[in-house]
Amino acid sequence: MASAFTIKFPKNNRAIRTKVSICDKNNKELKIVEGLWDTGATISSININIVEELGLIPIGKIKTSTANGVCEVFTYYINVILPNNLPVKGLLVTGTNLGNVDMLIGMDVISMGQLSIASDDNTTVASFVVPRLEMKDFIDDLKRMDRAAFKNIGRNDKCLCGSGKKYKDCCWDKHHR
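Predicted model only: the values in this text are computed from it and were never measured.

Caption draft 1: Main features of the overall build of the protein chain. In terms of helices and strands, the protein chain carries 4 helices and 10 strands. Along the protein chain, helices and strands appear, N-terminal first, in the series β-β-β-β-α-β-β-β-β-α-β-β-α-α. Against the 2.2 N^0.38 benchmark of 16 Å for 177 residues, the protein chain shows a C-alpha radius of gyration of 23 Å, more extended than a compact globule. Across its three principal axes, the protein chain shows a C-alpha extent of roughly 75 × 35 × 30 Å. When the 177 residues of the protein chain are sorted by exposure, 34% land in the buried category. Sequence separation of 24 or more characterises 49% of the internal contacts of the protein chain that already satisfy a separation of 6 or more.

And the structure:
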């Protein structure tokens, strides 16, 4: 079953942060934290302070690369509930000193679905859906829009690119290959 959420932020936001519930194996909410969506993180991570507060028991260790170099960290299984009650069960996370960040939501979660981020001068909108709806290719979209714009122009009309030349002497070859 598909599930999604969309969050709007004021202005041109530089970070996507959402409330996330960390739950036990029965999905009983243990703590609500702030999750920072990080496409540079391979695996999700929770701050070691939260690990200690919740008394999580490590299930193993892995080597991980951070901005401070390579280190060995403990791993934990948690259940997470993202905005709009979107569940992620049995998520393997590392326990790391994340400074003032509660949780990094990494590519292990992001790749379960489709994340879209768009900004203008007033708003940043982040939307996430599981499962992915379609593979989006903006280049193909632009090519289709470009072809559609030039479809009804005559060879001797002024070119739509703004050059002032006739279409046949300007962009004709580009659109008729």
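Caption draft 2: Expanded view of the sheet that holds strand β9 (residues 114–119). Pairing is antiparallel across the open sheet formed by 3 strands, whose spatial order is β1-β10-β9. For this open sheet the edge positions go to β1 (3–10) and β9, each flanked by a neighbour on one side alone. Neighbour-to-neighbour, the strand axes of the sheet open up by a mean angle of 10°, direction not taken into account. Relative to strand β10 (residues 123–130), β1 is paired through 8 bridges, and the arrangement is antiparallel. For isoleucine 7, the partnering residue across the bridge sits in β10 and is alanine 126.

Caption draft 3: Focus on the pattern of salt bridges. By the definition in use, this model includes 3 salt bridges. The partner of lysine 31 in a salt bridge is glutamate 53, with the nearest N and O atoms 3.2 Å apart. Of this pair, lysine 31 sits in strand β3 (residues 29–37) while glutamate 53 sits in helix α1 (residues 48–54), and the two are 22 residues apart along the sequence.

Caption draft 4: Spatial organisation of the packing of aromatic side chains. Tallied over the entire structure, the rule returns 3 aromatic pairs. Ring geometry for phenylalanine 5 against phenylalanine 128: centres 6.0 Å apart, planes inclined by 50°, an arrangement best described as tilted. Of the two residues, phenylalanine 5 is situated in strand β1 and phenylalanine 128 in strand β10; the sequence distance between them amounts to 123 residues. When the ring centre of phenylalanine 74 is taken as origin, the NZ or CZ atom of lysine 61, which lies over that ring, is 4.8 Å away.

Caption draft 5: Representation of the pairing of β3 in the model. Here strand β2 (residues 17–23) runs beside β3; their pairing, made up of 7 bridges, is antiparallel. Following the sheet pairing, cysteine 23 is matched in β3 by glutamate 29. Hairpin remark: β2 followed by β3, antiparallel, with 5 residues in the connecting loop; positive phi at asparagine 27, about 60°. The sheet contact formed by β3 and strand β8 (residues 103–105) spans 3 bridges and is parallel. Counterpart to leucine 36 in the pairing with β8 is leucine 104.

Caption draft 6: Up close: the nonpolar core. With 26 residues, the main nonpolar core has Trp37, Ile46, Ile78, Val80, Leu82, Leu91 and Met103 as its most contacted residues. If we skip the residues at most four places from it in the chain, isoleucine 46 touches Ile22, Val51, Leu56, Ile78, Val93, Thr94, Gly95, Thr96, Leu98, Asp102 and Met103.

Caption draft 7: A look at the side chain of serine 45. Among the structural elements, serine 45 can be located in strand β4 (residues 45–47). Only 3.0 Å separates the side chain of serine 45 from the side chain of threonine 96, close enough to count as a polar contact. For serine 45, the contacting residues outside a window of four places in its chain are Val93, Thr94, Gly95, Thr96, Leu98, Asp102, Met103 and Leu104.

Parameters and conventions
- Residues numbered from 1 in each chain as written.
- Predicted model: local features only at pLDDT ≥ 70, side-chain atom pairs only at ≥ 80, totals over all residues.
- Heavy atoms only, no water.
- Helix = DSSP H or I, 4+ residues; strand = E, 2+ residues; numbered from the N terminus.
- Rg over C-alpha atoms; globule rule 2.2 N^0.38 Å.
- Buried < 20%, exposed > 50% of the residue type's maximum accessible area, 1.4 Å probe, protein only.
- Contact = heavy atoms within 4.5 Å.
- Pairing = 2+ DSSP bridges.
- Axes fitted to C-alpha atoms, helices over the stretch in contact; angles between N-to-C directions.
- Salt bridge = Lys/Arg side-chain N within 4 Å of Asp/Glu carboxyl O.
- Phe/Tyr/Trp six-rings, centres within 6.5 Å; stacked < 30°, edge-to-face > 60°.
- Lys NZ or Arg CZ within 6 Å of the ring centre and 35° of its normal.
- Core = buried A, V, L, I, M, F, W, Y, C linked by side-chain atoms within 4.5 Å.
- Polar contact = N/O pair within 3.5 Å; in protein donor to acceptor, adjacent residues only side chain to side chain.

In short, shape yes, function no, at least from these values alone.
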